[in-house]
Amino acid sequence: MNVTDRFLRYVKYDTQSDEFTNLTPSTPGQLIFAQALADELKRIGLQEVVVDDNGYVMGTVPATCNRVLPVIGFIAHMDTSPDMSGRNVSPRIVRGYDGGDITLCEEEGIVLSPNDFPEMLDYIGEDIIVTNGKTLLGADDKAGIAEIVTAAEYLISHPEIEHGKIRIAFTPDEEIGKGTDKFNVERFGADWAYTMDGGKRGEIEFENFNAAIAKITFKGRNVHPGYAKHKMINSLRVAIQYAIMLPRWETPEHTEGYEGFYHLISCDGSVENTTLSYIIRDHDRDRFERRKKEFVHLVNKINKEFPDCASLEIKDQYYNMREKIEPVMNIVELAKQAITACGIEPLVEPVRGGTDGARLSFMGLPCPNIFAGGMNFHGRFEYLPIKSMEKAAEVIVEIARLSALPQPAEQ
């Protein structure tokens, strides 16, 4: 089966994760998909295929030579984002994209346009997969899964390609930050791995944000508004006052590259009680720590004006994998060689987000991120150039092949 057919089949599984269930996996659809993947891996000839109670799928492409070679892993996640429905996904292939607008849903006037997403113009003449405008597509990260399975099948059917043991894993709940909570690094047994979870064709990433989540709770005092002078404390108004004290331009819609931000993700309130939830992001660890201190400073400032009104909770989520990858940059160079060998220019860029690879790197499994090909993740405008998916599968095969060749340090 080719990579496109696999992907189109995989997106039919509803695997949207849910941060509020406190289960692993967080939704039953992920476990159903996990079992289907395990069955497929067995059919195409992988060994040591298991699905554990938490929905983690692991399997092995056996080595084809007797020399001692590194064990390399490839990882993708099964869940789709809770930001938009992943149920009843109805993908459509646009053949030979002409560079114009693509109508996703005529009755609702939903249009995928290069005026809004200029990167579409990079794929003129190619076949791309789009949504019907009512759901996300699921390329994040079912494209990665399809690429890994397709590459694994190719390696098994071509034993003449020398390579060491290849381990693959599919994880639940990456989209809610829990994809590696119960990942057994020792059981996986790889020397290093790659997540196939990037976007644009050619991407190889070994830097990501340092990340924290912050919740500020404001306690007010409600009295009749006609008699409220010097008595009422409106927690909604105090929360707004806090929000506008943060730098206006340090938000996601005004930043790019290595620029960090504060991002207000929810506001829930009344006169008596209001809660603001933020995510805090920065590639630089020192600036990241300063951003967290700014939250403390502003809470103290609010409490000077409104005593004991504001309380703060901050929790670190993950850190920049760069500090764990830099000592083993040969694994990034190997990926760059493979991408180049597949006729693509490597694009080394920082991840403006996080991946399972970030946490895995700090768990002892160095794990850069490679493109899976999807664009505009997490919404109705998600699309996937088929050529990008095909090339990603080729890159996996090429990494396996190159890893069996003498490296420059060995010569």
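On a predicted model such as this, the values are computed, not experimentally measured, just so you know. As a convention, each chain's residues are numbered from 1 in the sequence order in which they are written. Local features in this predicted model are restricted to residues of pLDDT 70 or higher, and side-chain atom pairs are both shown and tallied only at a pLDDT of 80 or more, whereas totals for entire chains, interfaces and linings draw on every residue. Values reported for side chains reflect all heavy atoms of the structure, with hydrogen atoms and water molecules removed beforehand.

**Points about the UniProt feature "binding site: Zn(2+) 1" (unreviewed entry) in the protein**
At step 1: According to UniProt, the "binding site: Zn(2+) 1" (unreviewed entry) feature falls on His77, Asp140 and Asp197. These annotated residues cover 121 residues of sequence, but their C-alpha atoms sit close together, with the largest distance between any two at 8.0 Å.
At step 2: Along the chain, the position of Asp140 falls in helix α3 (residues 139-157).
At step 3: For Asp140, a relative accessible area of 7% corresponds to the buried category.
At step 4: Any N or O atom pair separated by 3.5 Å or less is treated as a polar contact, with the protein-specific requirement of one donor-capable and one acceptor-capable atom, and with residues adjacent in sequence counted only for side-chain atom pairs. One polar contact links Asp140 to His77, side chain to side chain, over a distance of 2.9 Å.
At step 5: In this text, helices come from DSSP runs of H or I with a minimum length of four residues, and strands from runs of E with a minimum of two, each type numbered from the N-terminal end. Mapped onto the fold, Asp197 is located in strand β9 (residues 192-198).
At step 6: Between two residues, a contact is recorded if the distance between any of their heavy atoms is within 4.5 Å. Filtering out sequence-adjacent residues up to four positions away, Asp197 remains in contact with His77, Asp140, Asp141, Glu174, Asn369, Ile370, Ala372 and Phe377.
At step 7: Within the structure, the side chain of Asp197 is placed 3.4 Å from the side chain of His77, a separation counted as a polar contact. UniProt positions are given in the numbering used here, feature names are shortened, and annotations may be inferred rather than shown by experiment. Think of it in three bands: with a 1.4 Å probe and only protein chains considered, a residue is buried below 20% of the maximum accessible area for its type, exposed above 50%, and partly exposed in between.

**With respect to the sheet that holds strand β13 (residues 273-282)**
Each strand in a sheet pairs with another by means of backbone hydrogen bonds, the pair being arranged parallel or else antiparallel.
At step 1: Should DSSP find at least two bridges between two strands, the strands are regarded as paired. Pairing is antiparallel in the open sheet, where four strands are placed in the order β12-β13-β11-β14. Each end of this open sheet is capped by a strand with a single partner; those strands are β12 (261-269) and β14 (310-318). On average, each strand axis in the sheet is inclined to that of its neighbour by 15 degrees, with strand direction left out of account.
At step 2: Sheet analysis places strand β11 (residues 210-219) next to β13, joined by ten bridges and oriented antiparallel. Residue Phe218 lies in a different strand from β13, and its bridge partner there is Thr274.
At step 3: Inter-axis angles, ranging from 0 to 180 degrees, are taken between N-to-C directions of lines fitted to C-alpha atoms, where helices are fitted over the stretch in contact. Here helix α5 (residues 235-245) sits on the sheet and contacts β11, β12 and β13; the angle it forms with β13, its principal contact strand, is near 15 degrees.
At step 4: Against the sheet, helix α6 (residues 285-305) makes contact with β11, β12, β13 and β14, and its axis sits at roughly 165 degrees relative to β14, the strand it touches most.

**So, the pattern of salt bridges**
At step 1: Put simply, a salt bridge is a Lys or Arg side-chain nitrogen that is within 4 Å of an Asp or Glu carboxyl oxygen. Counting across every chain of the model gives 25 salt bridges.
At step 2: Note that Arg6 and Glu153 form a salt bridge whose closest N and O atoms lie 2.9 Å from each other. Here Glu153 lies in helix α3 and Arg6 lies in helix α1 (residues 3-10), a separation of 147 residues in the sequence.
At step 3: Among the residues examined, Glu153 registers a relative accessible area of 23% and is labelled partly exposed.

**What to know about α1**
At step 1: Looking at α1, one finds that the buried residues are Val3, Thr4, Arg6, Phe7 and Tyr10. Take α1 and look down its axis: the buried residues cluster within an arc of 160 degrees, on one side only.
At step 2: If you follow the buried residues of α1, they end up packed against α2 (28-43), β4 (92-94), β7 (128-130), α3, β17 (383-385) and α10 (386-402).
At step 3: The opening residue of α1, the one whose side-chain oxygen lies 3.1 Å from the backbone nitrogen of Thr4, is Asn2. When we speak of the arc, we mean the arc of directions from the helix axis to the C-beta atoms.

**Points about the sheet that holds strand β1 (residues 47-51)**
At step 1: Strands sit in the order β1-β2-β8-β3-β9-β16-β10-β15 across an open sheet of eight strands; the sheet is mixed. Only two strands of the sheet have a single neighbouring strand rather than two, namely β1 and β15 (347-348).
At step 2: With four bridges connecting them, strand β3 (residues 72-77) and β9 associate as parallel partners. The partner of Ile75 across the bridge, within β9, is Thr195.
At step 3: Running at roughly 135 degrees to strand β16 (residues 369-371), α10 makes contact with β3, β8 (166-171), β9 and β16 of the sheet.

**Some points on the nonpolar core**
At step 1: Counting residues in hydrophobic clusters, the biggest one holds 63 residues, and the most contacted among them are Phe7, Phe74, Phe170, Tyr194 and Ile399.
At step 2: Residues in contact with Ile399, not counting those within four places in the same chain, are Ile72, Phe74, Tyr194, Leu334, Ala335, Ala338 and Ile370.
At step 3: One finds Leu246, Tyr278, Phe295 and Cys309 within the second-largest nonpolar core, a separate group that totals 21 residues. By convention a nonpolar core is built from buried Ala, Val, Leu, Ile, Met, Phe, Trp, Tyr and Cys residues, the set being connected through side-chain atoms within 4.5 Å.

**Considerations on the side chain of Lys142**
At step 1: Structurally, Lys142 can be placed in helix α3.
At step 2: Among buried charged residues, Lys142 stands out as having no salt bridge; its nearest opposite-charge side chain is Asp14, 6.5 Å away.
At step 3: One polar contact links the side chain of Lys142 to the main-chain carbonyl oxygen of Tyr13, over a distance of 2.6 Å.
At step 4: Setting aside residues no more than four positions away along its own chain, Lys142 makes contact with Phe7, Tyr10, Val11, Tyr13, Thr15, Phe33, His77, Met78 and Thr80. We treat Lys and Arg as the positive residues and Asp and Glu as the negative residues; His and chain ends play no part in the count.

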